[in-house]
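A structural walkthrough
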Amino acid sequence: MPDLAAATRGRILFGGDYNPEQWPEETWHEDVRLMKDAGVNSVTLGVFSWSKLEPHPGAREFGWLDTLMDLMHDHGIGVVLATPTSSPPPWMGRLHPDTLPVTEDGRTEWWGGRQHFSHSSATYRRYAAAITEDLAARYGGHPALTMWHINNEYCTFDHGDQAAAAFRRWLREKYGTLDALNTAWGTAFWSQGYDSWDGILPPRLPHYMKNPTQVLDFRRFTSDMLLECYVAERDIVRRHTPHIPVTTNFMPLWFGQDAWRWAEEEDVVSVDLYPDPRDPLGAQNGALVQDMTRSQARGPWVLMEQAAGPVNWRGVNHPKPRGLNRLWSLQAVARGADAVCYFQWRQSRQGAEKFHSGMVSHAGEEGRTYQEVKQLGAELARIAPHVTGRHITADVAVLHDWHSWWAGAQDGRLSTRADYPDVLRAWHRALWEAHLTTDFAHPEHDLTPYTVVVVPQLYALTDAAIDNLLAYVRGGGTLVCGFLTGIADEDDRVRPGGMDARLRELFGIRTLHEWWPLDAGETVACEGFRGTLWSEEIEAAEDAETIPYQGGELDGLPAVLRRGRAWYVSTLPEPDALRDLLARIAAGAGVRPVLDAIPAGVEAVRRGDLLFLLNHGREAVTVEVPGSHRDLLSGSTMRDEVTLGRYGVVVLQS
Ligand code: GLA
C-alpha cells in the first residue's frame, strides 16, 4: 500500500483546505500567486463541493474542477482530492428523506448545515459511491493528485428506522441469538428482556436511564457503520489509483470513532487539531493528540487542519498571538507530522465560518496571519529534507481504548466529574511535563517495545487485555494504573469483587471496599501530596508497598500501592505530584527524560537525529544542551546552551 512518503516526496506538505468555489475565478489566480509566495505545496480540494459537482441528481459539473486541478499542477501544487460526501446537496434530502439522520429524540437533521447524512441509508451510499467513482475515474490519472481525502470528520449518529434495521443486523451478527443478546445486555434488569429482534431499537430517548450495554453496542455499531461508508469510498478510489494513498481526517480524541480500528483501514492517518490559544494547557493537549495520531499511524502523520488564527465555534474565540502558529506547527513536526495544513486557505466572506480564520485572513496579503504563514512555509521547506520520514522512539506508552471510554461514559456513574478525557489528559500532561516521550497503545497491542506502560484509566478491559498487561509485567515491564481500571468486562458487566481479581493480585489489593469520589474543590491528603477527583477504600495485601491517605475517612489506607513492577494509583494526584511520581517510577525503570534540567514550559523532542526544543512561554529561557549543534531553522551554530525567546524553537542537529 502507498504511504505518506508517496505524497510528501521529501517535502513537508504545507497548505490547507481550498474552497475556490466560494470565489470568482480572478481570485484563483491571486490565490496561486500567494500560495507560491508562501511555499504552499498542497491543497485539499472538494471537501464541500457536492452541490457544485452534482447540482441535480446524476448531473456532473467537472469543468471548474478540471481548471483548478490544472492550475494547481501548472504551479507545482499537489492536490489532496476529497470526496464531497460529508455534505449532500439539498436535492438529496428533498427527494430522498431517507438520507437524513434522526436524533435520539426523533428530530430529523435537515439540510441547510452540513453532515446531514444517514450512514445507514442505501440511497445516500449509492449516490456517494457514484460521485466517488466518477471523481476517481476523471482525476485518478491527473498529475496534480497526491492523496485521497474521504469525506470529512466522520462524526454523525442516526437513531432513525433505517439505522434501527441496520443495528439489528449488526447485533444478529454479533450475538447470533436473542438469548446471547439478553445476557450480554443484562436485560433481566428493569424488565427489558427481548422476545423478538424487531423490538430492538437504537437507544432512543427513554423516560429514565438507558440500558448501558445497549448504548455501548450502539456506539460500536455507529463507529462500524461510518467505517463501512469510508471503506466503500476508499475501495473505489483504490481500484482506480492503487498507488495513491488514502486518508480521512479524524477529529482529535473524538468520542464517536474507534480510531485504532479506523487507522488500520487508512494508508495515511490524519487529524484536525484546534487547541485554544488561551488555554494554558494548549501545548500539552496538542501534544496528546499528536502522540496519539503518530501512534495510530505507526510513523509520520498528517496535520490536516489547524487554524492560522481564531476558530469561531468556542464561546469566545481568540486569535493566535504572534509566533504561536509557528510554535504549534513546529510542535506537530517535532512529534512526527510530515504535513502542516490548515482549515482553510482563504477566509470565507460568507457562510457559517466567515469569522473562522484562514491562512489568508480578511486582511489579505498584508495581514499578519498571511505574513506569518509565509515565514513558516519557508522554514518548513528548510528543515524538510532532514525531517520527513524520520521516526520517534518512545520508552513509555499510554494505553487508550475507545470501547472502555464508551463503557465508562454512561449515566448512573458514581461521579460525573471523573470524566475520562480529563483523566487521560492529566496523565499525559504529567509525562509531557516530565519530558518523557510517549506513544499511545491499545491495551491488546504488543507492549514489549516499552519500558513503562501507563494506564490512566481503562474502566472496561477484555480478558485478552488483562492477560496482555499481566504478561507485560511478568516479562519485565513496569505498569502504572490509575483508578477505575479493570472494573468491567467488554459487556460492561462489573467484574466480581469490583475489580478484576488478577489485577487486584497484581497490585496487591486484597479488598476494594468502596469508591469515594471527591466533589469539586475537594481534595484528599496523601503522604507527600494531595489527591483530587477520586479516592478508594482499599485493604492492601501484606506484601504491597503503599503510600497512605492521611486523615479523613480513609486515614492510613493506601492511596498508592506497589507490588514489584506494578503500581496502582487510587486517586488523581495534583499535577506536580503526578508528574513527580511518574518521573520517579520511570527513572527507577531506567527511562531518562529527553534532556536533563529542562526549564518548565520548554518541550524537548527527539525525532530521528534531530532535537527539537520549543519554548511555550512568553519569557526567554536558556536550555543546557551539551556539545555543539547547528540550528536548522536559523542556520546558526550553538555550543552547550541554547537561548529561546518567546515561543522560540530550535531544531538542532549535532
Ligand atoms: C473542522 C472541519 C472544517 C471546518 C473546521 C473549523 O475541522 O473539518 O470543515 O469546519 O472544523 O474549525
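Before any of the text, the structure's been laid out above.
As the structure is a prediction and not an experimental result, all values here were calculated from the model. (Residues numbered from 1 in each chain as written. Predicted model: local features only at pLDDT ≥ 70, side-chain atom pairs only at ≥ 80, totals over all residues. Heavy atoms only, no water.)

1. Section: the nonpolar core
Counting residues in each nonpolar core, the largest one holds 171 residues, and the members touching the most others are M72 and F507. Residue contacts for F507: discarding those within four places in its chain leaves L479, C481, M499, A544, L561, R562, R563, A566, W567 and Y568. One finds V594, L613, V625 and M638 within the second-largest nonpolar core, a separate group that totals 15 residues. (Core = buried A, V, L, I, M, F, W, Y, C linked by side-chain atoms within 4.5 Å. Buried < 20%, exposed > 50% of the residue type's maximum accessible area, 1.4 Å probe, protein only. Contact = heavy atoms within 4.5 Å.)

2. A short note on helix α16 (residues 463-474)
Since there are 3.6 residues in each turn of an α-helix, residues three or four apart along the chain are aligned in direction. The first and last C-alpha atoms of α16 sit 16 Å apart over 12 residues, in line with the 16 Å expected at 1.5 Å per residue. For α16, every residue scored as buried is listed here: A465, I466, N468, L469, L470, Y472 and V473. Those residues of α16 that are buried lie in contact with β10 (396-399), β12 (452-455), β13 (478-482) and α17 (501-507). Following α16 by one or two positions, G476 adopts a phi angle in the positive range, close to 110°. (Helix = DSSP H or I, 4+ residues; strand = E, 2+ residues; numbered from the N terminus. Expected span 1.5 Å × (residues − 1).)

3. Here we look at the site of the ligand
What surrounds the ligand is the set F48, R114, N152, E153, D272, Y274, E305, W313, F343, E353 and H356. For the ligand, an oxygen atom lies 2.9 Å from a polar atom in the side chain of R114. Taken by itself the ligand offers 310 Å² of open surface, and the protein chains cover 96% of this. Classifying every residue of the shell around the ligand gives 4 nonpolar, 2 polar and 5 charged. Two domains each provide a minimum of three residues to the shell around the ligand, namely domain 1 (1-40 + 269-386) and domain 2 (50-261). (Near = heavy atom within 4 Å. Polar contact = N/O pair within 3.5 Å; in protein donor to acceptor, adjacent residues only side chain to side chain. Areas by Shrake-Rupley, 256 points an atom, 1.4 Å probe, with all protein chains shown as cover. Nonpolar A, V, L, I, M, F, W, Y, C, P; charged D, E, K, R; others polar. Domains from an automatic or database assignment.)

4. Here we look at the packing of aromatic side chains
Evaluation of the coordinates by the stated rule reveals 24 aromatic pairs. Ring centres 4.5 Å apart and planes at 15° place the aromatic pair F117 and Y124 in the stacked group. Taking the relative accessible area as the measure of exposure, Y124 reaches 1% and is therefore buried. Relative to W405, the ring of F255 lies with its centre 5.0 Å away and its plane at 70°, an arrangement referred to as edge-to-face. Residue F255 is located in the loop between β6 (249-250) and α10 (259-263), and its partner W405 is located in helix α14 (residues 402-408); the two are separated by 150 residues in the primary sequence. One aromatic cluster in this structure is built from F167, W170, W185, Y194, F218 and F221. The residue whose ring lies beneath R346 is W23, and the NZ or CZ to ring-centre distance is 5.4 Å. (Phe/Tyr/Trp six-rings, centres within 6.5 Å; stacked < 30°, edge-to-face > 60°. Lys NZ or Arg CZ within 6 Å of the ring centre and 35° of its normal.)

5. A word on the pattern of salt bridges
Enumeration according to the criterion identifies 41 salt bridges in this entry. Measuring nitrogen to oxygen at the nearest pair gives 2.7 Å for the salt bridge that ties E265 to R234. Taken as a pair, E265 in the loop between α10 and β7 (270-272) and R234 in helix α9 (residues 212-240) lie far apart in primary sequence, 31 residues in all. Both residues of the pair, E265 and R234, count as buried. Close ionic contact of R502 with D467 constitutes a salt bridge, the shortest N to O distance being 3.0 Å. Taken as a pair, R502 in helix α17 and D467 in helix α16 lie far apart in primary sequence, 35 residues in all. Among the residues examined, D467 registers a relative accessible area of 40% and is labelled partly exposed. Salt bridges sharing common partners tie together R234, D235, R261, E264 and E265. (Salt bridge = Lys/Arg side-chain N within 4 Å of Asp/Glu carboxyl O.)

6. Section: the side chain of Q344
Topologically, Q344 is positioned in the loop between β9 (337-342) and α13 (368-387). Side chain to side chain, Q344 and N19 meet in a polar contact 2.7 Å long. Engagement of the side chain of Q344 in a polar contact is seen with the backbone oxygen of R346, the distance being 3.3 Å. Filtering out sequence-adjacent residues up to four positions away, Q344 remains in contact with D17, N19, Q22, S357, G358 and M359.

7. Points about the sheet that holds strand β5 (residues 246-247)
Pairing is parallel across the open sheet formed by 9 strands, whose spatial order is β5-β4-β3-β2-β1-β9-β8-β7-β6. Edge positions in the sheet fall to β5 and β6, since each of these pairs with one other strand and no more. With 4 bridges connecting them, strand β1 (residues 13-18) and β9 associate as parallel partners. Each residue of the ladder has a partner; that of G16, found in β9, is Y342. Contacts from helix α11 (residues 282-297) reach β6, β7 and β8 (301-305) within the one sheet, and its direction differs from that of β8 by about 130°. (Pairing = 2+ DSSP bridges. Axes fitted to C-alpha atoms, helices over the stretch in contact; angles between N-to-C directions.)

8. Looking at the environment of A426
Its location among the elements puts A426 in helix α15 (residues 420-433). The class for A426 is partly exposed, based on a relative accessible area of 23%. For the pair A426 and R504, spaced 78 residues apart in sequence, the C-alpha separation works out to 24 Å. For A426, the residues in contact, after removing those within four places along its chain, are L572 and L578.

Function cannot be inferred from these measures alone, as they are strictly geometric.
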